[in-house]
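Summary of structural features
Residues per chain are reported as follows:
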Amino acid sequence: MVSYKSKSVERISLPSREERERNLQQAQYNVFNLPADAVFIDLLTDSGTGAMSDEQWAALLRGDEAYAGSQSFERLESAVSDVMGFEHVIPAHQGRGAENVLYGTLLGDTPDAVVPNNTHFDTTRAHVANQGAAPVDCPVPDAHDPDADEPFKGNTSLEELRAVVDDVGADQVPLVIQTITNNSAAGQPVSVDNTRRVREFAEEIDATFVIDACRFAENAYFVHQREDEFSDATIEEIAREQLGYADAIVMSGKKDGLVNTGGFVATNDPDLFDRCKQRAILYEGFPTYGGMAGRDLAAMAVGLREAVTETYVADRVEQVRTFGSLLADVGAPVYTPTGGHAVYLDAAEALPHLEATAFPGQALVCALYREGGVRGVELGSFAFPDTDRPELVRLAVPRRTYHREHFEHVAETVKTVLENSGAISGLEIATDPAIPELRHFTAGLEPVSP
Ligand SMILES: *Cc1c(COP(=O)(O)O)cnc(C)c1O
């Protein structure tokens, strides 16, 4: 049941079909190049794109911009302590800044380290690799099965984890990460039981256990729904229990911090805190602001408390689930069960006439914009060259932003696209940027003639 109403609104409009076609050409068939005002329903990402509450806007005005020891920082500290259970907090400009601070600190001393994670998010993978370490994914086998009806497809595989450590030796594994929810595995949740086991294993091999907590509140909601032990617990109790197994967490405020930018590292280990602080000063700023304005720290402090309120998070996750059902009802090949922040479409199934080399996911993304002004993102062979990932298209849902009518429009758009799918041509890369891992942000494409 919806738990908010609109107090401020932003106009959106659907450009004409001719304009949409022209916009696509000008963007070189890469929707990252579209101006946002040419997009009708923007499902590119849920990162920093949500609406803040009136309480957050009010907190923004009370922001304290002192360089050191601001009241806004104290408010953030007490929110992180109450909501997540950590005493020491180091703010950062966003999640990847926090990753740089924490992973730079933890991995600096181990050459050729190996770092297991249920699945590394892109920036996590890049930061681990940037420290000279090897990121290894240990998802459960069901994670990449779009039809497996399992409750916790985001879990870490303990078998895989053990195999990695047996292979390289415990000394080479100073750090184990778990990402909740598992963003790169369709936003699937992780059970508290799995977190507990991974923690025990990390202890056994004397590794630091870090939780990437970007979507910790959405994860707690799934635990509440699906893990028997926690059916009577509150979201806040579950969040504290699950995060409590970590030695440290990294957080992007742009997700369950309910703000437009920001992030932090948090820990209860005073030594780790001291070591992280030095690196934070170097890269982010003095450790009581870390690259954030005081007003943004203040808004994030309020956002964290709102994220774990039952009404907010139930509405959030159920909205994404309803969106998934609307799409399934028009016959779209959706990844099930729906995750916490997005609905994923299987483009290989939607456009079976296109080979992976013709980028079916990107072709589908372009078709959705052409047909309905909808912007999604390709997460298949265009975004991840040289991997055998499924050809997924992600439709991410910004928090507290769109309503049922918007999602009905998207479902109608998908329906029309699927009905005429045979006419959709593949794409090829016209301009290839220097870093292949980041090509989907800036590469230009063109249609291949059938
Ligand atoms: C978004 C995200 C990050 C990085 O956060 P940014 O704020 O985008 O820098 C790290 N891990 C996960 C799981 C994320 O979803």
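Residues numbered from 1 in each chain as written. Predicted model: local features only at pLDDT ≥ 70, side-chain atom pairs only at ≥ 80, totals over all residues. Heavy atoms only, no water.

1. Structural notes on the sheet that holds strand E9 (residues 342-346)
Strand order in the open sheet made by the three strands is E9-E12-E11, with antiparallel pairing throughout. Where the open sheet ends on each side, the last strands, each with one partner, are E9 and strand E11 (377-379). In this sheet, neighbouring strand axes are inclined to one another by 35° on average, regardless of whether the strands run parallel or antiparallel. Where E9 and strand E12 (residues 392-396) come together, five bridges link them in antiparallel fashion. What sits directly across from Val343, in E12, is Leu395. (Pairing = 2+ DSSP bridges. Helix = DSSP H or I, 4+ residues; strand = E, 2+ residues; numbered from the N terminus. Axes fitted to C-alpha atoms, helices over the stretch in contact; angles between N-to-C directions.)

2. Quick notes on the environment of Ile429
Inspection of the secondary structure assignment puts Ile429 in strand E13 (residues 427-431). With a relative accessible area of 25%, Ile429 lands in the partly exposed category. Between the alpha carbons of Ile429 and Gln28 there is a distance of 9.4 Å; along the sequence they are 401 residues apart. Setting aside residues no more than four positions away along its own chain, Ile429 makes contact with Phe359, Phe382, Arg439, Gly444 and Leu445. (Buried < 20%, exposed > 50% of the residue type's maximum accessible area, 1.4 Å probe, protein only. Contact = heavy atoms within 4.5 Å.)

3. Examining the domain arrangement of the chain
Each assigned domain of the chain is listed with its residue range as follows: domain 1 (17-39 + 310-447) and domain 2 (54-307). Using only C-alpha atoms to locate each centre, domain 1 and domain 2 end up separated by 27 Å. Buried surface at the junction of domain 1 and domain 2, both sides included, amounts to about 2,200 Å², of which 50% is carbon and sulfur. If you sort the residues of domain 1 by the area they bury against domain 2, Tyr335, Pro337 and Arg399 come out on top, with a joint share of 26%. Counting the contacts that link domain 1 with domain 2 gives four salt bridges. (Domains from an automatic or database assignment. Buried area = accessible area lost by both parts, 1.4 Å probe. Salt bridge = Lys/Arg side-chain N within 4 Å of Asp/Glu carboxyl O.)

4. Regarding the UniProt feature "domain: Aromatic amino acid beta-eliminating lyase/threonine aldolase" (unreviewed entry) in the chain
When the UniProt feature table is mapped onto this chain, "domain: Aromatic amino acid beta-eliminating lyase/threonine aldolase" (unreviewed entry) is found at residues 42-412. Structurally, residues 42-412 comprises 44% helix and 13% strand, and the distance from its first C-alpha atom to its last is 15 Å. (UniProt positions renumbered as here; feature names shortened; annotations may be inferred.)

5. Things to note about the pattern of salt bridges
In this structure the tally under the stated criterion is 25 salt bridges. Among the salt bridges present, the one from Glu371 reaches Arg17, with a minimum N-O distance of 3.2 Å. Taken as a pair, Glu371 in helix H14 (residues 360-372) and Arg17 in helix H1 (residues 17-26) lie far apart in primary sequence, 354 residues in all. With a relative accessible area of 23%, Glu371 lands in the partly exposed category.

6. Here's the deal with helix H6 (residues 158-168)
Along H6, the positions that sit buried rather than exposed are Leu158, Leu161, Val164 and Val165. Along the long axis of H6, the arc covered by the buried residues comes to 125°, so they all point the same way. Opposite the packed face of H6, turned more than 90 degrees from it, sit the exposed residues Glu159, Asp166 and Asp167. Among the structural elements, strand E3 (114-117), strand E4 (134-137), strand E5 (175-179) and helix H7 (192-204) are those in contact with the buried residues of H6. Gly169 lies just past H6 and shows a positive phi near 90°. (Arc of directions from axis to C-beta.)

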